[in-house]
Amino acid sequence: MKNYSLFYKEFIGLLPDDLQIYVRNALLTTGLTEDELEDAMNSRLGDLEDTIHLPSLLEKYINGKRN
């Protein structure tokens with residue numbers, strides 16, 4: 001598994017739009033309320049580590065970009 005720690009420090013709002021959508025869709029599957037989802041989208045990607053599994057999320061995103 002690759003090291004994505006560089007991404008973890010980034011605010012989600014500064015990530016490419018398609019990655020923001022990918023993260024938002026992953027968060028929607030966790031059962032967050034709309035307020036919690038909004039808070040999550042205003043945080044750093046690394047702050048979501050307890051909510052979504054970031055390495056596998058980023059792997060799926062990158063693999064999808066290749067196809």
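Structure shown above.
What counts and how
- Residues numbered from 1 in each chain as written.
- Predicted model: local features only at pLDDT ≥ 70, side-chain atom pairs only at ≥ 80, totals over all residues.
- Heavy atoms only, no water.
- Helix = DSSP H or I, 4+ residues; strand = E, 2+ residues; numbered from the N terminus.
- Expected span 1.5 Å × (residues − 1).
- Buried < 20%, exposed > 50% of the residue type's maximum accessible area, 1.4 Å probe, protein only.
- Arc of directions from axis to C-beta.
- Core = buried A, V, L, I, M, F, W, Y, C linked by side-chain atoms within 4.5 Å.
- Contact = heavy atoms within 4.5 Å.

The next subject is helix 2 (residues 17–28). Compared with an ideal rise of 1.5 Å per residue, which puts twelve residues at 16 Å, helix 2 spans 16 Å between its outermost C-alpha atoms and is within 8% of the ideal. Listing the buried residues of helix 2 in full gives Leu19, Gln20, Val23, Ala26 and Leu27. On an axial view of helix 2, the arc spanned by its buried residues comes to 125°, and they lie on one face. Opposite the packed face of helix 2, turned more than 90 degrees from it, sit the exposed residues Asp17 and Ile21.

Ranked by internal contacts, the top residues of the largest apolar core, which has 17 residues, are Ile12, Val23, Leu27, Leu45, Leu48 and Ile52. Every element with two or more residues in this core is listed here: helix 2, helix 3 (34–41) and helix 4 (54–66). Other than its neighbours up to four places away in sequence, Val23 contacts Ile12, Met41, Leu45, Leu48, Ile52 and Leu57.

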